[in-house]
Amino acid sequence: QLYQLWIAEGFIPDNNEAITEKYLEQLINGAFVDAGKRSDISRINTSSIPGSCSPALLTVAFKGEFIISPIMDQEVRLRENSIIPSLKSLPSSFLSSLLNLYTLEMPFSYIDHTADEFWKMSKLRYLNFGAITLPAHPGKYSLHPCCSTEEILGRLPNLQNLRIWGDLSYYQSLLSKSLCRLSCLESLKLANESKMPRRSNTILAEYQFPPSLTHLSFSNIELIDDPMPALEKLPVLQVLKLKYLGRKLACSSDGFPKLKVLHLKSMLWLEEWTMGIKAMPKLECVIINPCAHLKRIPEQLWCLKSLNKLELWWPEPKLRQQLWEFEDKEQYGIQLYPYGI
């Protein structure tokens, strides 16, 4: 496994395993590595690092791209290019010296605090801890749904921005239960990218969204069931973008208490939209594209003093005429597209 790792990291010319074995033998001959078990043909299966070599190897580590150090006299299988004794935190002074590191193996460490410098380790490819708490990522974080397990997301409690892309229907049961682990998540984008030509079958009622969400968007996901009952109880949601193929949209009383922007895409069959009393009290902007079958705008919408933009694409002719003749259309920022139709 060590040979394969060195080759994968580009340390070995021409990907030659014989050269890899030669390098390891040189480390053993130089007393940097003690040979452990060997096979019947004298190939090395395991090894350990002499304690006396630790200072020298650590010095090399800060100047190079990998380090090897012992773990409390335990024999280590040949598979790591970075093994560090058990720690409880990863301070900036430590991480800033390892910016070229490719692999960090700390299986006996349970990290409570990790400095922001962690995200500067751009070459890091492999990470293994007993447990680790990572700082909030400075930008947006992308994951495939197969990697969005409770165990993985549970190690990112401070994550604020996340994009999950892939076959969301296939991983529905996995994803729907793991998102709640992200207690600090503010922005979430779910993008369906399936290699199969099947329709997305995302069931929002099964999802446990973190209550901290302020921005939520769905891309290439055609929701069949009314999404409002599953989303309207999110207490601080401000921006919602989604695609819905149903005919009815119902917002309950007191639903979406903080929502400011509602962007409804591909509303090909929407006929009825209702709002309960005090629903969406903070709403500022509504975009519906298209809305060729929508018969009327909910009366509750005109009670919102915060509303300053209502953008409708391809509205039903009768509704278009009603809105053109609406006395307060400038107050609500009513915009109808395309022009002249």
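Residues numbered from 1 in each chain as written. Predicted model: local features only at pLDDT ≥ 70, side-chain atom pairs only at ≥ 80, totals over all residues. Heavy atoms only, no water.

Looking up the protein in an unreviewed UniProt entry gives the name Disease resistance R13L4/SHOC-2-like LRR domain-containing protein, with the organism given as Citrus sinensis.

Q: Can you lay out the overall build of the protein for me, pointing to particular residues and giving the numbers?
A: From N to C terminus, the protein includes 8 helices and 18 strands. The proportion of buried residues among the 341 residues of the protein is 43%. Carbon and sulfur atoms make up 52% of the accessible area of the protein, which totals about 18,000 Å². (Helix = DSSP H or I, 4+ residues; strand = E, 2+ residues; numbered from the N terminus. Buried < 20%, exposed > 50% of the residue type's maximum accessible area, 1.4 Å probe, protein only. Areas by Shrake-Rupley, 256 points an atom, 1.4 Å probe, with all protein chains shown as cover.)

Q: I'd like a description of helix H8 (residues 317-324), backed by residues and values.
A: Count 3.6 residues to each turn of an α-helix, and residues three or four apart come out pointing the same way. Restricting attention to buried positions, one finds in H8 the residues Leu319, Arg320 and Leu323. Buried residues along H8 cover an arc of 105 degrees about the axis, so they all sit on one side. Pointing more than 90 degrees away from the buried face of H8 are the exposed residues Pro317 and Lys318. Looking at the buried positions of H8, the neighbouring elements they touch are strand E17 (309-313) and strand E18 (334-337). With a side-chain oxygen lying 3.0 Å from the backbone nitrogen of Lys318, the N-terminal cap of H8 falls on Glu316. (Arc of directions from axis to C-beta. Contact = heavy atoms within 4.5 Å. Polar contact = N/O pair within 3.5 Å; in protein donor to acceptor, adjacent residues only side chain to side chain.)

Q: Go over the packing of aromatic side chains, please, and point to the residues and values.
A: Applying the stated criterion across every chain, the model contains 7 aromatic pairs. The structure contains a cluster of three or more aromatic residues connected by ring pairs, namely Trp302, Phe326 and Tyr332. (Phe/Tyr/Trp six-rings, centres within 6.5 Å; stacked < 30°, edge-to-face > 60°.)

Q: Help me get a handle on the confidence of the model for the protein, residues and values and all.
A: Residues of the protein with pLDDT of at least 70 account for 80%, and the chain-wide mean is 80. In the predicted structure, residues 58-82 sits below a pLDDT of 50 and forms 63 contacts with residues beyond four places in sequence or in another chain. (pLDDT = per-residue confidence, 0-100.)

Q: Which residues make up the sheet that holds strand E8 (residues 141-143), and what values do they have?
A: Judged by pairing direction, the sheet is parallel, and its 9 strands sit side by side in the order E8-E9-E10-E11-E12-E14-E16-E17-E18 without closing on themselves. Looking along the sheet, the strands with just one partner apiece sit at the ends: E8 and E18. For this sheet the average axis-to-axis angle between neighbouring strands, irrespective of direction, equals 10 degrees. Relative to strand E10 (residues 187-192), strand E9 (residues 161-166) is paired through 6 bridges, and the arrangement is parallel. Counted as the bridge partner of Leu162 is Leu188 from E10. In the packing of H8 onto the sheet, the strands contacted are E17 and E18, and the crossing angle to E18 comes to about 145 degrees. (Pairing = 2+ DSSP bridges. Axes fitted to C-alpha atoms, helices over the stretch in contact; angles between N-to-C directions.)

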